[in-house]
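These are the residues of each chain, in order.
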Amino acid sequence: MINVNDFKTGITIKLDNDIYQVIEFQHVKPGKGAAFVRTTLKNLRTGATIEKTFNSGIKVETARIERRDMQFLYSMGNTYYFMNMETYDQIELDRSSLGDDAKFLKENLVVSITSYEGEIIGITLPDKIEYTVTHSEPAVKGNTSTGAMKDATLENDLVIKVPLFIGEGEKILVTTKDGKYSSRA
């Protein structure tokens, strides 16, 4: 149990049979009445965010979240296979539990898998991932004053926009938050 006055960003709590992570919190002491804590919470199962206000001094249950680094091995259909690099145990996850993160996975990529009491909640990708460009159109002369971009296909069949000077076989970094080109590797 933790007092709401002791909230910190990133702490995980159990509330209404769901697991939430504190994204923001603010202690409010109005001139009249009792103090309270206004929070923004992220549901770790669904990804939805809610705003909730707690009276000062209330205790809530903490949720013990485990994070383990695991290596992505391969996918077969809608099933993705990961391996614990210490024990060599393998787990399989369905594409629906990965969400949009599935499109960034490539073989041997190390991700952090989050679980609560044995239930896998989701994965956390690195901020930037290195990919090799497998196909891109040749650069077209002209119209380069506005920072022109072209489509490029990466080794995991992801198609993103890259600058004109990027060619086939080059290694680039892609940001996983927005799926955009970051820089050359």
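S.K.: Could you give an account of the environment of Tyr88, with specific residues and numbers?
M.R.: Checked against the element boundaries, Tyr88 lands in the loop between strand E8 (79-84) and strand E9 (90-94). The exposure class of Tyr88 is exposed, given its relative accessible area of 58%. Remark: the alpha-carbon pair of Tyr88 and Gln71, spanning 17 residues in sequence, is separated by 9.7 Å.

S.K.: How would you explain the packing of aromatic side chains if you had to name every residue and give the values?
M.R.: Evaluation of the coordinates by the stated rule reveals four aromatic pairs. Summarising the aromatic geometry, the rings of Phe72 and Phe82 are spaced 5.4 Å apart at their centres and angled 55 degrees between planes, so their arrangement reads as tilted. Here the residue Phe72 occupies a position in strand E7 (residues 65-76), and Phe82 occupies one in strand E8, the gap between them amounting to ten residues. Here Phe72 and Phe82 have matching classes, each one buried.

S.K.: Describe the confidence of the model for the protein, and please don't skip the residues or the numbers.
M.R.: Averaged over the protein, the pLDDT score is 85; the fraction of residues at 70 or greater is 96%. Confidence, expressed as mean pLDDT per element, reaches its minimum in the protein at helix H1 (residues 95-98) with 80 and its maximum at strand E5 (residues 49-55) with 91.

S.K.: Residue-level account of the sheet that holds strand E3 (residues 18-28), with values.
M.R.: Across the sheet, which stays open at both edges, the six strands sit in the order E1-E6-E2-E3-E4-E5 with antiparallel pairing between neighbours. The sheet is open, and its two edges are formed by strand E1 (2-3) and E5, each paired on a single side.

Each value, and the rule that gives it
- Residues numbered from 1 in each chain as written.
- Predicted model: local features only at pLDDT ≥ 70, side-chain atom pairs only at ≥ 80, totals over all residues.
- Heavy atoms only, no water.
- Helix = DSSP H or I, 4+ residues; strand = E, 2+ residues; numbered from the N terminus.
- Buried < 20%, exposed > 50% of the residue type's maximum accessible area, 1.4 Å probe, protein only.
- Phe/Tyr/Trp six-rings, centres within 6.5 Å; stacked < 30°, edge-to-face > 60°.
- pLDDT = per-residue confidence, 0-100.
- Pairing = 2+ DSSP bridges.

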